[in-house]
Amino acid sequence: MIFSNGEPRSLKLNAKNFLIHLSKYLSLNNSNCLLQIILICIKNFVMRQQQNNLSVLLPYFIDSVFSMLNHQSSEIRKHAVYCAVEIYLVLGIKFEPYLNELNSSQQNLIKLFINSKILFLSVKAITIALLCGAIHILKNMLLSMVLIFVRHRRFLRLVTQK
């Protein structure tokens, strides 16, 4: 904790300050491991943001993320692409002007990853829907079997009583 005049200084780390500090560390660090962690933090942060909030925060960190697309390590470049994909998934077409700042190969790479992520999410949603439908069908079958069993027992009781 930082002290000023003998009293603790409160640290207010709002979203804007958080992203500003992370983006500074991106430009200052040479450690691949730390760069990956920072990019993962940014990606996870982006995933939890609303569209309007992220569009306000984007100018504070997007240049640092995009600069990592030119890093010598393929792992760093990959994590920068993952960040860009998550930003696109939150912002949608509002992210296009930022993508246009990149060269064509970087744009194509990011768009390829965006399309594969959208395809993955679509397949996941369809699978969940099918599973829910299958569960619903199984539940109905089970209820039908229980009803048949109950009716059968009632019938047996009626038959045995007569």
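Residues numbered from 1 in each chain as written. Predicted model: local features only at pLDDT ≥ 70, side-chain atom pairs only at ≥ 80, totals over all residues. Heavy atoms only, no water.

Topologically, Glu96 is positioned in helix α6 (residues 96-99). Taking the C-alpha atoms as reference points, Glu96 and Gln107, separated by 11 residues in sequence, lie 9.8 Å from one another. Once you skip the residues sitting within four places of it in the chain, Glu96 turns out to touch Tyr88 and Lys111. (Helix = DSSP H or I, 4+ residues; strand = E, 2+ residues; numbered from the N terminus. Contact = heavy atoms within 4.5 Å.)

This part covers the packing of helix α1 (residues 15-28) against helix α2 (residues 32-47). Orientation of α1 relative to α2, taken along the N-to-C sense of each, is 155°, at an axis distance of 10 Å. The pairing of α1 with α2 is recorded here as roughly antiparallel in orientation. Of the two possible hands of crossing, α1 and α2 adopt the one that is left-handed. Seen from α1, the contacting residues are Ala15, Phe18, Leu19, Leu22, Tyr25 and Leu26; seen from α2, they are Leu35, Ile38, Leu39, Cys41, Ile42 and Phe45. Tallied by class, residues from the contact of α1 with α2 come to 12 nonpolar, no polar and no charged. (Axes fitted to C-alpha atoms, helices over the stretch in contact; angles between N-to-C directions. Parallel < 35°, antiparallel > 145°, perpendicular 65-115°, else oblique. Left-handed = near helix turned anticlockwise from the far one by under 90°. Nonpolar A, V, L, I, M, F, W, Y, C, P; charged D, E, K, R; others polar.)

With that settled, the discussion passes to the confidence of the model for the protein chain. Predicted coordinates in regions of low pLDDT should not be interpreted in detail. Mean pLDDT over the protein chain works out to 82, with 84% of the residues at or above the 70 mark. Predicted confidence in the protein chain is weakest over strand β2 (residues 7-8), with a mean pLDDT of 42, and strongest over helix α5 (residues 74-91), with 95. Contacts for the low-pLDDT stretch residues 1-12, under 50 throughout, to residues beyond four places or in other chains number seven contacts. (pLDDT = per-residue confidence, 0-100.)

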